[in-house]
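Topology and contacts: notes
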Amino acid sequence: MKDLLPIEIPGLDPEKPLIIAGPCSAESEEQVLETAKELAASGIKVFRAGIWKPRTKPGGFEGVGAPGLQWLKKVKETTGMLTATEVATKQHVMDALAAGIDILWIGARTSANPFAVQEIADAIKEAGATDIPVLVKNPVNPDLELWIGAMQRFYNAGVRRLGAIHRGFSAYGKHLYRNMPQWHIPTELRLRYPSLPIICDPSHIGGKRELIAPLSQQALDMGFSGLIVESHCNPDCALSDASQQVTPEILNFILNTLVVRDSKQSTENLALLRQQIDQIDNELLEILSKRLRVCREIGQYKKEHRMPVVQPKRYNDILHGRVAVAEEMGLGADFMRTVLLAIHDESVRQQIEVLNDRAR
Ligand code: PEP
Ligand code: MN
């Protein structure tokens, strides 16, 4: 994917983050037009709305289907905004193109399915529409190769205006996020394809209104090219994803609080700071290695005195105390617990090696 082209939006400074906003689903002509009018008034240039909704279980609102495309056409005519929608089949592509949709996106459940992705890519090629921008959401599972593979299918079909959307990854059980961000995955994607725009979808990552602002800021701080955010004129009554949608007014407020960093600034200071990070990481490694050496000595002692390696009560006390101190130092409690437990696991593993006489 070498000769990718930029996704140009008329009237938008290409140096500024690309903001796409609109409801999760198009529900009625009034809802679509009212939301669009308000978004356009606050300067949004690209309107999103799902016409066909892939639902986890049958019985939910599955989208209004092709008739809704006419509402998007009206959005374009009345506000001048470009329109974007999700396509998951060849028929969706044909209908969306016929209605003059400007940008297509591929949903997370579709990206995980190479047959579906290939069918969509072939349909775009057959329609002679490879000029259309295609934004590919990450697959629901944290598989970078599958995500890249989906984008390659469009690239091979001749699409050059490609973009990726990071919308987080499914995880079993209840978590702070609806979909885990796993930021290292889009970061790795960026390292591999520096010219590929990556857009963050804080609505589907967070699943809650209050997480939109912090996730958006984090994405901009990490150098993402833009945001796709769900916005509805009456979010509480939305037929899908109600808890993560905000009014255009709130969205405008959030966007105005975001700090956009200048990626063109001199990187000299950054180089100095990075040197410091290298140095600190080396110190961390030395300290860890020292800690593990002491643990092996303790292992030796336990072996000689026939003591068990793990003494849960002692470690629980240590963990509590350390996390409390760490919090006072401004470190997150969950983060510290994870780090300390990982260090403890490795210490136990090394002590067992000592016990079995396999220590180096
Ligand atoms: C959406 O954008 O409304 C959507 C269905 O998202 P995802 O494919 O990320 O679940
Ligand atoms: Mn949604």
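Let me begin by describing the structure that accompanies this report. In this numbering scheme, every chain counts its residues from 1 along its sequence in written order. Written order decides the labels, with chains lettered from A and ligands numbered from 1. Note on the predicted model: pLDDT of at least 70 is required for a residue's local features to be given, and 80 or more for side-chain atom pairs to be given and counted; whole-chain, interface and lining totals, by contrast, use all residues. Based on all heavy atoms of the structure, the side-chain values leave hydrogens and waters out of the count.

Re the overall build of the protein
Applicable threshold: The helix count covers DSSP runs of H or I at least four residues long, the strand count covers runs of E at least two residues long, and both are numbered beginning at the N terminus. Relative accessibility decides the category of a residue: with a 1.4 Å probe and only protein chains considered, values under 20% of the type maximum give buried, values over 50% give exposed, and everything between is partly exposed. Throughout, a residue-residue contact means that at least one pair of heavy atoms, one from each residue, lies within 4.5 Å. Each accessible area is a Shrake-Rupley estimate made with a 1.4 Å probe; only the visible protein chains count as cover when residues are assessed. When charges are counted, Lys and Arg contribute as positive and Asp and Glu as negative, whereas His and the chain ends are disregarded. Lys charges are placed at NZ, Arg charges at CZ, Asp charges at CG and Glu charges at CD.
Regarding its fold elements, the protein presents 13 helices and 8 strands. By its C-alpha atoms, the protein is 80 × 50 × 40 Å across when sized along the principal axes. Burial statistics for the protein: of 360 residues in total, 44% are counted as buried. Long-range pairs, those at least 24 residues apart, make up 73% of the contacts in the protein between residues at least 6 apart in sequence. For the protein, the exposed surface amounts to about 19300 Å²; the carbon and sulfur share of it is 55%. If the 42 positive side-chain charges of the protein are averaged to one point and the 44 negative ones to another, these points end up 5 Å apart.

Side note on the coordination of the manganese ion (ligand 2)
When a metal carries six donors in an octahedron, the ideal angles between them are 90 or 180 degrees, while four donors in a tetrahedron ideally lie at 109.5 degrees. Note the cut-off: Each metal's donors are the N, O and S atoms within 2.8 Å of it, or within 3.2 Å when it is Na, K or Ca, and because water is not part of the set, sites may look incomplete.
With distances of 2.1 to 2.4 Å, the protein atoms coordinating the manganese ion (ligand 2) are Cys24 (SG), His204 (NE2), Glu230 (OE) and Asp241 (OD). Written as a sequence motif, the donor residues of the manganese ion (ligand 2) are C-x179-H-x25-E-x10-D. Here Glu230 lies in strand 8 (residues 226-230) and His204 lies in helix 8 (residues 202-206), a separation of 26 residues in the sequence.

Re helix 3 (residues 90-98)
What counts is decided by this rule: Regarding the arc, it is the one traced by the directions from the helix axis to the C-beta atoms.
Among all positions of helix 3, only His92, Val93 and Ala96 are buried. One side of helix 3 carries all its buried residues, which in axial view fall inside an arc of 100 degrees. Contacts made by the buried residues of helix 3 are with helix 2 (67-79), strand 3 (82-86), strand 4 (103-106) and helix 5 (114-126). Within two residues after helix 3, Gly100 carries a phi angle of roughly 80 degrees, on the positive side.

What to know about the packing of aromatic side chains
For clarity, the threshold we go by: Only Phe, Tyr and Trp rings are paired, with Trp represented by its six-membered ring, and only when their centres lie within 6.5 Å; those with planes under 30 degrees apart are stacked, over 60 edge-to-face, the remainder tilted. Should the NZ of a Lys or the CZ of an Arg lie within 6 Å of a ring centre and within 35 degrees of the ring normal, that charge is described as sitting over the ring.
Scanning the entire structure with this criterion turns up 2 aromatic pairs. Here the aromatic rings of Trp147 and Phe169 are separated by 6.5 Å at their centres, their planes lie at 75 degrees, and the arrangement is edge-to-face. Residue Trp147 is located in helix 6 (residues 144-156), and its partner Phe169 is located in the loop between strand 6 (162-166) and helix 7 (184-192); the two are separated by 22 residues in the primary sequence. Taking the relative accessible area as the measure of exposure, Trp147 reaches 0% and is therefore buried. Judged by its relative accessible area of 0%, Phe169 falls in the buried class. With centroids separated by 5.7 Å and ring planes inclined at 90 degrees, the aromatic side chains of Trp183 and Phe224 adopt a geometry described as edge-to-face. With Trp183 in the loop between strand 6 and helix 7 and Phe224 in the loop between helix 9 (212-221) and strand 8, this pair connects stretches of sequence that are 41 residues apart. The class for Trp183 is buried, based on a relative accessible area of 13%. Arg160 extends its terminal NZ or CZ atom over the ring of Tyr155, reaching a point 3.7 Å from the ring centre.

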